[in-house]
Amino acid sequence: MRRLFTKKWLPVLAVLAIVGAACGGGGGDGEASTAVPSTPTSIPAAGSENRSPTADFIWHPDAVPEGDNYQTMFTFSASASDPDGDPLTYEWQFTGGRPPTATGELVNTTFPGIAPYLITLTVSDGRGGETVVVHTVPLTAGALMPTSQPVPPTPEIDVDAKYRWEFFDIDQGAKPALALNSQGEPGIAYILEEIHGLINFAAWNGEGFDLSTIDEGYFYAPLDMAFGPDDRPYISWHDHQDPDMFIPELGDATLGFLTDDGWQVEAAFSDGHDGWDNSVAVDAQGNAHMVAVDPYQFLSESGIEYYFFDGESWTVEEIGSGPISYEWGTGLVLDASGAPHLTYHDDEVADLFYAFKGPEGWVINTVDSEGDVGKFASLVLDSNEMPVISYLELTGPDGGISSGNVKLARATSIVNGTPEWEIQEIGSLPDIFMGFRGARLITSLVLDSDDNPIVVYSDQSTIKLSHFDGEEWSTETVTTRGDLPFGQLVSLDIDADGVLHLAFTVIERRDFPGVLGIVTYARGTPIE
């Protein structure tokens with residue numbers, strides 16, 4: 001059952017010192033916008049000689065990018081004068097903005113990028129005279145990827161390759177998450193990111209995949225999946241909740257799981273616009289554990305949150321990360337006792353963190369702090385329950401086309417709850433599109449039967465695999481792009497025979513209303 005609820009938001013005001021030259025509303029040197037100016041409405045004080053002020057305003061940038069999702073800060077600058085020399089006050093209303101109101105001559109807000117936005121400025125002289133000015137901040141047209149049918153990627157042949165790969169196209173969608181059941185059969189969850197979108201599940205039937213729909217609505221951001229002890233799939237995602245209008249007060253960490261009566265959907269109704277970059281694991285009793293981000297982009301101070309669902313009710317905890325951004329992924333695993341272990345990137349300090357829940361609460365440790373490290377992390381525990389983490393070190397710019405190194409951190413010992421980490425650089429990615437907000441899991445990690453790590457990682461052009469044989473690392477190419485780029489999100493698992501199972505997307509569109517492409521499954525069989 002879908003439910004709606006309302007949360008309270010505190011307005012946040014950030015003031016820029018300089019307004020850019022290319023502005024909307026009052027005209028600038030940018031492209032012409034479709035802003036609709038009002039005729040200023042002046043209201044003089046009754047029965048007096050007081051004259052109302054004159055007023056107008058401009059803004060920068062010109063328009064809201066489609067699919068922006070509260071990423072772009074808009075600056076509004078008022079210009080006004082009073083013929084009587086009275087001091088003036090400025091009251092702003094931003095329909096759909098965050099914050100929705102502000103005061104002052106120079107103010108900021110953000111918009112979600114779903115529709116044009118009406119801005120109202122009221123300038124008052126304190127003696128009953130006021131002028132109201134209204135403009136519309138338009139929505140830009142989305143820049144689409146090529147719409148031709150994707151060309152199946154052609155694997156490069158590595159002479160020393162350890163795996164032979166087969167590829168299967170599954171369905172239209174994006175951001176897949178893959179897991180194996182107890183029989184080593186893959187299940188893949190994925191999103192159709194449209195205003196009226198879908199959460200779908202693909203189950204292996206021995207020759208191909210049977211498809212089913214779990215939920216319908218407006219979904220955005222990656223999901224995750226795991227199998228329970230009875231081989232029933234559990235899938236977690238972020239639900240925007242309203243398919244017709246993006247309302248940031250509504251949005252939750254959501255769980256779907258298969259029952260004898262079909263798919264059941266349960267939302268963890270917690271304060272905030274939470275559930276971003278979620279990860280899920282299921283314990284031996286069939287209870288679901290999730291971690292996700294309640295991001296500061298939506299005015300939250302919570303950061304990383306932990307969710308526990310016992311089949312009837314939810315428990316939600318803040319782990320103590322403090323406010324962080326979505327975008328960079330999370331990792332979650334359970335140890336033999338069912339205790340959660342997780343990893344995440346804190347963009348304020350640009351470090352990688354590892355946390356686990358001990359007898360007295362959450363314990364947080366810094367894993368790596370050298371450079372901009374810890375983005376898109378993947379976490380596993382080895383046979384001794386020691387954490388192993390793959391992640392990205394960003395070496396290029398934090399926007400546009402960038403580059404980075406793939407690293408692996410392995411705990412060699414844990415003393416008084418503090419791990420000692422051995423950190424290695426294992427590969428590189430030269431063609432990362434950092435403006436692509438669907439790429440939350442650039443790395444994915446598994447361990448073989450000897451506890452040796454195997455890491456798959458992707459940029460727009462290449463999907464690579466690095467494996468450790470106990471002495472040294474080897475790297476091979478899984479596949480290279482055809483006419484269309486990869487989604488930069490990979491999900492990897494390994495079965496009892498050492499066969500690798502991988503999901504990724506070949507992308508046709510990566511702008512409003514979301515990412516769209518062909519969800520692809522790949523099976524890597526060891527070469528004897």
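Fair warning: this is a prediction, and the values are worked out from it, not measured in the lab.

What to know about the sheet that holds strand β33 (residues 491-494)
Part 1 of the reasoning: Read across the open sheet, the 7 strands follow the order β12-β11-β10-β9-β35-β34-β33; overall the sheet is antiparallel. Edge positions in the open sheet fall to β12 (209-217) and β33, since each of these has one partner strand only. Strand-to-strand twist of the sheet, defined as the mean angle between neighbouring strand axes without regard to direction, takes the value 20°.
Part 2 of the reasoning: Sheet topology note: the strand β11 (residues 197-204)/β12 ladder contains 8 bridges and is antiparallel. Looking across to β12, one finds that Ala202 is bridged to Leu211.

Some points on the confidence of the model for the protein chain
Part 1 of the reasoning: When the pLDDT values of the protein chain are averaged, the result is 84; 82% of them are 70 or greater.
Part 2 of the reasoning: Taken as a whole, residues 1-37 scores under 50 in pLDDT and shows 89 contacts with residues more than four places along the chain or in a different chain.
Part 3 of the reasoning: A low-confidence stretch, residues 142-156 stays under pLDDT 50, and its non-local contacts, those more than four residues away or across chains, total 32 contacts.

Some thoughts on the pattern of salt bridges
Close approach of charged atoms allows side chains with opposite charge to pair.
Part 1 of the reasoning: Following the criterion strictly, the structure yields 12 salt bridges and no others.
Part 2 of the reasoning: Arg509 serves as the salt-bridge partner of Glu194, at 3.3 Å between the closest nitrogen and oxygen. Of the two residues, Glu194 sits in the loop between β10 (186-192) and β11 while Arg509 sits in strand β34 (residues 500-511), which places them 315 residues apart along the sequence.
Part 3 of the reasoning: Counted as one network, the salt bridges with shared partners bring together Arg51, Asp84, Asp86 and Arg127.

With respect to the sheet that holds strand β20 (residues 314-318)
Part 1 of the reasoning: Spatial strand order, β17-β18-β19-β20: 4 strands in an open sheet with antiparallel pairing. Either end of the sheet is taken by a strand with one partner, and the two such strands are β17 (276-282) and β20. Each neighbouring strand pair of the sheet contributes to a mean axis angle of 20°, computed without reference to strand direction.
Part 2 of the reasoning: Strand direction decides the pairing type here: strand β19 (residues 303-309) and β20, joined by 5 bridges, are antiparallel. Paired with Phe309 across the two strands is Trp314, which belongs to β20.

Definitions and cut-offs
- Residues numbered from 1 in each chain as written.
- Predicted model: local features only at pLDDT ≥ 70, side-chain atom pairs only at ≥ 80, totals over all residues.
- Heavy atoms only, no water.
- Pairing = 2+ DSSP bridges.
- Helix = DSSP H or I, 4+ residues; strand = E, 2+ residues; numbered from the N terminus.
- Axes fitted to C-alpha atoms, helices over the stretch in contact; angles between N-to-C directions.
- pLDDT = per-residue confidence, 0-100.
- Contact = heavy atoms within 4.5 Å.
- Salt bridge = Lys/Arg side-chain N within 4 Å of Asp/Glu carboxyl O.

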